[in-house]
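# Observations on the model geometry
The chain contents come next:
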Amino acid sequence: MSDDLERLDEHGLPAWVGRALRRPVAMDDAAKARLMGRVRAAAEQRRPGGRRAPAAWRTRRGLT
Amino acid sequence: MTTLTDAGIVRRVLAGDADAYALIVDRYYDRYARFAVHMVGNREDAEEALQDAFLRAYRALDRYEEREKFGGWLLRIVVNECRTVAARRRRRDLRFPDCDPTIWSAAMAAHAADHPAELAALREELARALGQLPAEQREAVLLKYTEELSYDEIAAVTGAGTSALKMRVKRACERLREILLGAACV
């Protein structure tokens, strides 16, 4: 393992640097839940692409 | 649902199933968090950039063209949001902490990779060293290392030419080597 401190990669950086940069970073689930809340709010305000509402919605509103 | 391609999920979302976007979040949020955290230097700002990027991507889904890889299209938005957050942070907090060569030297002497505490210190020094790079160099070297993109792929994400990108990565690595191997510190 200590070899990583001295071994250099193709760009001349110690090998451990690449491993450190590729180390997974886990964001907490609360952040993802907040994001989906914002997505749903955006969906309520404006459907993506300005497309018509799904058929089920139109049915409930007596539009078909 | 989980066997859907990215394009398939996008089509579902555009058809009105906003909840399907959670599959995109599951696939890419943590993965691009790695780039964002290293790029802007802390988790709080990274989360801000990621939230804004993923929401912006959701709103722009009707402009996504399936001939382009969705991951690359999304990454381009993440990179742009990180630039915005980093610029805002520079105006707010212009000082990066000085790196401490004694930490690096002590870690080397202690064969740091076998000692978690020293390894954590190394990662902290790496974060400080990255913070000392110009933003363009940091961005290029992170896309090379965290996402392992080719120079053509980095060019598609950043809009820069491949020659310029190769120079940015080269200079970034030279500077990081200089800092991390203790030769110099600003």
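Anyway, here's the lowdown on the structure attached to this text. Values in this document were obtained by computation on a predicted structure and should not be read as measured data.

## Section: the overall build of chain A
For chain A, the count of helices and strands is four helices and zero strands. What you see in chain A, going N to C, is helices and strands ordered as α-α-α-α. When the accessible area of chain A is evaluated, it comes to approximately 4200 Å², of which 47% is carbon and sulfur surface.

## Points about the pattern of salt bridges
For the structure on display, the rule yields 19 salt bridges over all chains. For D6(B), the salt bridge goes to R27(B), with nearest N and O atoms at 2.7 Å. Here D6(B), found in helix α1 (residues 6-14), pairs with R27(B), found in helix α2 (residues 21-40); they are 21 residues apart in sequence, far enough to count as distant. One salt bridge in this structure joins E147(B) and R34(B), with 3.8 Å as the shortest N-O distance. Note that E147(B) is positioned in the loop between α7 (135-145) and α8 (151-158) and R34(B) in helix α2, a separation of 113 residues in sequence. Pair check on accessibility: E147(B) and R34(B) agree, each one buried. Bridged by salt links that share partners, the residues D29(A), K32(A) and D30(B) form one connected network.

## Regarding the interface of chain B and chain A
Contact residues are listed per partner, giving 47 residues for chain B and 35 residues for chain A. Ranking the residues of chain B by area buried against chain A places Q51(B), Y58(B) and Y145(B) at the top, with a combined share of 16%. At the surface where chain B touches chain A, the tally comes to four salt bridges. Run the count over chain B and chain A and you get 12 residue pairs in polar contact (both at pLDDT 80 or more). Elements with a contribution of two residues or more to the side of chain B that touches chain A: α1, α2, α3 (43-59), α5 (101-109), α6 (116-131), α7 and α9 (162-180) of chain B. Across the side of chain B that touches chain A, the residue classes tally to 29 nonpolar, five polar and 13 charged.

## Considerations on the packing of helix α3 (residues 29-45) of chain A against α3(B)
The geometry of α3(A) relative to α3(B) is characterised by a closest axis approach of 10 Å and an angle of 30° between their N-to-C directions. Relative to α3(B), α3(A) is oriented roughly parallel. Crossing of α3(A) over α3(B) shows right-handed handedness. Taken together, the residues of α3(B) that come into contact with α3(A) (itself represented by A31(A), R34(A), L35(A), R38(A), V39(A), A42(A) and A43(A)) are E47(B), Q51(B), D52(B), F54(B), L55(B), Y58(B) and R59(B).

## Details of the packing of α8(B) against α9(B)
Residue and element names in this part refer to chain B. Viewed as axis vectors pointing N to C, α8 and α9 meet at an angle of 105°, and their least axial separation amounts to 9 Å. Considering their axes alone, α8 and α9 lie roughly perpendicular with respect to each other. Mapping the contact onto sequence places Y151, D152, I154, A155 and T158 in α8 and T162, L165, K166 and V169 in α9.

## Here we look at the state of the cysteines
Residue and element names in this part refer to chain B. Taken as a whole and assessed by the stated rule, the structure comprises zero disulfides over all chains. Unpaired in terms of disulfides, C82 finds its nearest cysteine sulfur in C173, a separation of 19 Å. When its relative accessible area of 0% is taken as the criterion, C82 is described as buried. Since its relative accessible area comes to 1%, C173 is described here as buried.

## Quick word on the nonpolar core
Note on soluble globular proteins: their nonpolar side chains tend to be buried together. Of all hydrophobic cores here, the largest spans 76 residues; its most connected members are Y21(B) and F54(B). For this core, the leading source of residues is α2(B), giving 13 residues. Excluding residues within four positions of it along the chain, F54(B) makes contact with L35(A), Y21(B), I24(B), V25(B), Y28(B), Y29(B), L74(B) and V78(B).

## Concerning the environment of V37(B)
By secondary structure assignment, the location of V37(B) is in helix α2. In the structure, V37(B) is positioned 45 residues away from C82(B) in sequence and 9.1 Å away in space, judged by C-alpha atoms. Beyond its immediate stretch of four places on either side in the chain, V37(B) contacts V25(A), N42(B), R43(B) and A46(B).

## Topic: the side chain of E81(B)
Mapped onto the elements of the fold, E81(B) is located in helix α4 (residues 70-92). Apart from the residues within four sequence positions on either side, E81(B) is in contact with A49(B), D52(B), A53(B) and R56(B).

## Concerning the environment of A127(B)
Looking at where A127(B) falls in the secondary structure, it is placed in helix α6. As a C-alpha pair, A127(B) and G41(B) span 86 residues in sequence and 6.7 Å in three-dimensional space.

Cut-offs and rules
- Residues numbered from 1 in each chain as written.
- Chains lettered and ligands numbered in written order.
- Predicted model: local features only at pLDDT ≥ 70, side-chain atom pairs only at ≥ 80, totals over all residues.
- Heavy atoms only, no water.
- Helix = DSSP H or I, 4+ residues; strand = E, 2+ residues; numbered from the N terminus.
- Areas by Shrake-Rupley, 256 points an atom, 1.4 Å probe, with all protein chains shown as cover.
- Salt bridge = Lys/Arg side-chain N within 4 Å of Asp/Glu carboxyl O.
- Buried < 20%, exposed > 50% of the residue type's maximum accessible area, 1.4 Å probe, protein only.
- Contact = heavy atoms within 4.5 Å.
- Buried area = accessible area lost by both parts, 1.4 Å probe.
- Polar contact = N/O pair within 3.5 Å; in protein donor to acceptor, adjacent residues only side chain to side chain.
- Nonpolar A, V, L, I, M, F, W, Y, C, P; charged D, E, K, R; others polar.
- Axes fitted to C-alpha atoms, helices over the stretch in contact; angles between N-to-C directions.
- Parallel < 35°, antiparallel > 145°, perpendicular 65-115°, else oblique.
- Left-handed = near helix turned anticlockwise from the far one by under 90°.
- Disulfide = S-S within 2.5 Å.
- Core = buried A, V, L, I, M, F, W, Y, C linked by side-chain atoms within 4.5 Å.

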